[in-house]
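# Structural features, examined
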Amino acid sequence: NAGVMQNPRHLVRRRGQEARLRCSPMKGHSHVYWYRQLPEEGLKFMVYLQKENIIDESGMPKERFSAEFPKEGPSILRIQQVVRGDSAAYFCASSPPGWTPNTEAFFGQGTRLTVV
Amino acid sequence: DAKTTQPTSMDCAEGRAANLPCNHSTISGNEYVYWYRQIHSQGPQYIIHGLKNNETNEMASLIITEDRKSSTLILPHATLRDTAVYYCIGSNTGNQFYFGTGTSLTVIP
């Protein structure tokens, strides 16, 4: 049973380009969470999605960032017109449907975005 | 989610128990205490969680004070592979966690 798969593992973009980060949840998981980790800091929650729905986007920057989790395929975190401050590790986590406090979140290995 | 306070760093001798404290004085009655760890910038790994009672699994034990204002994660026999950043999190709202800066544990040979 494959874990949470994120790709690419490393992504380099020039300022002004778009970055697309992909996350395939564990088999049977329908909940996806995106986190961002700036250098030397803890993870910050960005957005929580279920299939075709955004449930909580309270941590998403108001501009340039968007996320989707279509009925088919991976979840995508899209960053438009990237700036140097977007350089960070972006982690995706997934959990099965019907969250309870006993539900464990499984994290992927992250995508390290570098903006040059 | 409850804010938690953890020491910035700790050392532990290999083979000894590592006791990692966490203060969560503002935790509400229905918020669970979760512990995750992050080894060398990998994705966070779940360790254990609890509400009121002490909990134990194959990785660790969690001791929660009776007033629930603090807890301690215990790694009974620390190994070099336990060197990581350990995060204590209070939550009752799913997996939208506030991670904080955690405790950087170094296990010394």
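Above this text you will find the structure in question.
Residues numbered from 1 in each chain as written. Chains lettered and ligands numbered in written order. Predicted model: local features only at pLDDT ≥ 70, side-chain atom pairs only at ≥ 80, totals over all residues. Heavy atoms only, no water.

## Focus on the overall build of chain A
Looking only at helices and strands, chain A has zero helices and eleven strands in total. Listed N to C, the secondary structure of chain A is β-β-β-β-β-β-β-β-β-β-β in terms of helices and strands. In terms of C-alpha radius of gyration, chain A reaches 14 Å, essentially the compact-globule figure of 13 Å for 116 residues. Dimensions of chain A along its principal axes, counting C-alpha atoms only, are 40 × 25 × 25 Å. Residue pairs at least 24 apart in sequence account for 53% of intrachain contacts in chain A once pairs closer than 6 positions are excluded. Split by element, the accessible area of chain A, about 5900 Å² in all, is 47% carbon and sulfur. Charged side chains of chain A number 16 positive and 11 negative; the gap between the two group centres comes to 7 Å. (Helix = DSSP H or I, 4+ residues; strand = E, 2+ residues; numbered from the N terminus. Rg over C-alpha atoms; globule rule 2.2 N^0.38 Å. Contact = heavy atoms within 4.5 Å. Areas by Shrake-Rupley, 256 points an atom, 1.4 Å probe, with all protein chains shown as cover. Lys, Arg positive; Asp, Glu negative; His and termini not counted. Charge placed at Lys NZ, Arg CZ, Asp CG, Glu CD.)

## A short note on the pattern of salt bridges
Evaluated as defined, the whole model comprises six salt bridges over all chains. With its nearest N and O atoms 3.8 Å apart, the salt bridge here joins E41 of chain A to K44 of chain A. A relative accessible area of 36% places E41 of chain A in the partly exposed class. Overall, K44 of chain A belongs to the partly exposed group, its relative accessible area being 38%. Residue D82 of chain B is joined to R37 of chain B by a salt bridge in which the shortest nitrogen-to-oxygen separation is 2.8 Å. With D82 of chain B in the loop between β7 (70-75) and β8 (84-91) and R37 of chain B in strand β3 (residues 32-38), the pair connects residues that are 45 residues apart, well separated along the chain. The same class applies to D82 of chain B as to R37 of chain B, namely buried. Overlapping salt bridges, with partners in common, bring together E18, R20, E68 and R78 of chain A in one network. (Salt bridge = Lys/Arg side-chain N within 4 Å of Asp/Glu carboxyl O. Buried < 20%, exposed > 50% of the residue type's maximum accessible area, 1.4 Å probe, protein only.)

## Some details on the interface of chain A and chain B
Taken together, the contacts link 21 residues of chain A with 19 residues of chain B. Summing the contributions of chain A and of chain B, the shared interface buries around 1700 Å²; its carbon and sulfur component is 53%. At the junction of chain A with chain B, the criterion picks out zero salt bridges. Connecting chain A to chain B are five residue pairs in polar contact (both at pLDDT 80 or more). Classifying every residue of the side of chain A that touches chain B by side-chain character gives ten nonpolar, seven polar and four charged. (Buried area = accessible area lost by both parts, 1.4 Å probe. Polar contact = N/O pair within 3.5 Å; in protein donor to acceptor, adjacent residues only side chain to side chain. Nonpolar A, V, L, I, M, F, W, Y, C, P; charged D, E, K, R; others polar.)

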